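Coordinate inspection notes
Given next are the chains, with one letter for each unit.
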Amino acid sequence: MEDSGYESVLCVKPEVHVYRIPPRATNRGYRAAEWQLDQPSWSGRLRITAKGQVAYIKLEDRTSGELFAQAPVDQFPGIAVESVTDSSRYFVIRIEDGNGRRAFIGIGFGDRGDAFDFNVALQDHFKWVKQQCEFAKQAQNPDQGPKLDLGFKEGQTIKLNIANMKKKEGAAGTSRARPASTGGLSLLPPPPGGKTSTLIPPPGEQLSFGGSLTQPAVVPGSDQLPARLNQARAGSSSDLSTELPHLGQRKEDEAL
């Protein structure tokens, strides 16, 4: 992956202390207790920047921003940045002057949170570098990535229970079937929560079982029944006509 042309800032801490460290005699690691922690060699601002894959730890003056020293870091964890064995607030970094000369110095933070942010900033940057390298490899060789195999393996079978499927389809078909009407007049089912309306036949007619209207049957010897009904109707109308004058007479008497 090619280096980017711009420089990004990963972390800024306003106060850091620089210490001279004795040479390491064994491989057991550095110890901050062996440094003169009450007499730092330099104090200023720390800034971590990144340009491409390389991160830079820069020690700068708090006021002017003048560069005191910088440590390029191309791998973390690595030899460029090491933690001490007896504290989480102190580190050993390898600085370079640009002419090929290198030296190891100790740095420390007064706040444990600043040391944590310093450590996490470097971890996140190199995690991103690793992801970018993997993406670049996949783009160059797309066929080398893992493929999803959906085929059957040798001897692998699959079982389908068709009998249960037919039973379910038959049950669904019977539930959708509607019973046929038995009468000559098909009536719609009542709405939910409603009452079934009853068909009232007119006087002198009957309602059959199928819903059709039929005339009453004439029984021999009952020819006088319609005549009596007509006479009763005529009599009721004549009584009404004879009663109306009497009602009018009553109203006139009451007025007087």
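Summary of the structure given here. This is a predicted model, so every value here is computed, not measured. (Residues numbered from 1 in each chain as written. Predicted model: local features only at pLDDT ≥ 70, side-chain atom pairs only at ≥ 80, totals over all residues. Heavy atoms only, no water.)

1. Description of the overall build of the protein
For the protein, the helix and strand inventory stands at three helices and nine strands. For the protein, the sequential pattern of α-helices and β-strands runs β-β-β-β-β-β-β-α-α-β-β-α. Looking at the protein as a whole, 20% of its 256 residues are labelled buried. Pairs at least 24 residues apart make up 52% of the contacts formed inside the protein by residues separated by at least 6 positions. As displayed, the protein has an accessible area near 20000 Å², and 53% of this comes from carbon and sulfur atoms. (Helix = DSSP H or I, 4+ residues; strand = E, 2+ residues; numbered from the N terminus. Buried < 20%, exposed > 50% of the residue type's maximum accessible area, 1.4 Å probe, protein only. Contact = heavy atoms within 4.5 Å. Areas by Shrake-Rupley, 256 points an atom, 1.4 Å probe, with all protein chains shown as cover.)

2. Quick word on the side chain of His 17
With respect to the helices and strands, His 17 occurs in strand E1 (residues 8-19). Classification of His 17 as buried rests on a relative accessible area of 17%. Reaching out from His 17, the side chain makes a polar contact with the side chain of Ser 43 at a distance of 2.7 Å. If sequence neighbours within four positions are ignored, His 17 has contacts with Pro 40, Trp 42, Ser 43, Gly 106, Ile 107 and Gly 108. (Polar contact = N/O pair within 3.5 Å; in protein donor to acceptor, adjacent residues only side chain to side chain.)

3. A word on the pairing of E1
Bridge analysis of E1 against strand E2 (residues 42-51) gives eight bridges, and the strand direction is antiparallel. Paired with Val 16 across the two strands is Gly 44, which belongs to E2. When E1 meets strand E7 (residues 102-108), the two strands line up antiparallel, connected through three bridges. Opposite Val 18, over in E7, you have Ile 107 as the bridge partner. (Pairing = 2+ DSSP bridges.)

4. Brief notes about the pattern of salt bridges
Across all of its chains, the model carries eleven salt bridges by this definition. Between Glu 7 and Lys 58 there is a salt bridge whose closest N-O contact spans 3.1 Å. One end of the pair, Glu 7, is in the segment before E1; the other, Lys 58, is in strand E3 (residues 54-60), and 51 residues separate them in sequence. Given the relative accessible area of 42%, Glu 7 is considered partly exposed. On the accessibility criterion, Lys 58 (13% relative accessible area) is buried. Bridged by salt links that share partners, the residues Lys 13, Asp 114 and Asp 117 form one connected network. (Salt bridge = Lys/Arg side-chain N within 4 Å of Asp/Glu carboxyl O.)

5. Let's talk about helix H1 (residues 112-140)
Along an α-helix, residues three or four positions apart point the same way, because every turn accommodates 3.6 residues. An ideal rise of 1.5 Å per residue puts 42 Å on 29 residues; H1 measures up with 43 Å between its terminal C-alpha atoms. Residues of H1 that are buried include every one of Asp 114, Ala 115, Phe 118, Ala 121, Leu 122, His 125, Phe 126 and Val 129, and no others. Capping of H1 at its N-terminal end is provided by Asp 111; its side-chain oxygen lies 3.2 Å from the backbone amide nitrogen of Gly 113. (Expected span 1.5 Å × (residues − 1).)

6. Topic: the nonpolar core
Membership of the largest hydrophobic core comes to 26 residues, with the highest contact counts inside it found for Leu 46, Ile 57, Val 81 and Phe 118. Counting residues per element, the ones that place at least two in this core are E1, E2, E3, strand E4 (67-73), strand E6 (90-96), E7 and H1. By residue number, the principal contributor to this core is H1, which donates five residues. With residues near it in sequence (within four places) discarded, Val 81 still touches Ile 57, Val 73, Phe 76, Val 92, Ile 93, Phe 118 and Leu 122. Core analysis: the next-biggest nonpolar cluster, separate from the first, contains eight residues, Ala 32, Val 84, Tyr 90 and Val 92 among them. (Core = buried A, V, L, I, M, F, W, Y, C linked by side-chain atoms within 4.5 Å.)

By themselves these figures say nothing about function.
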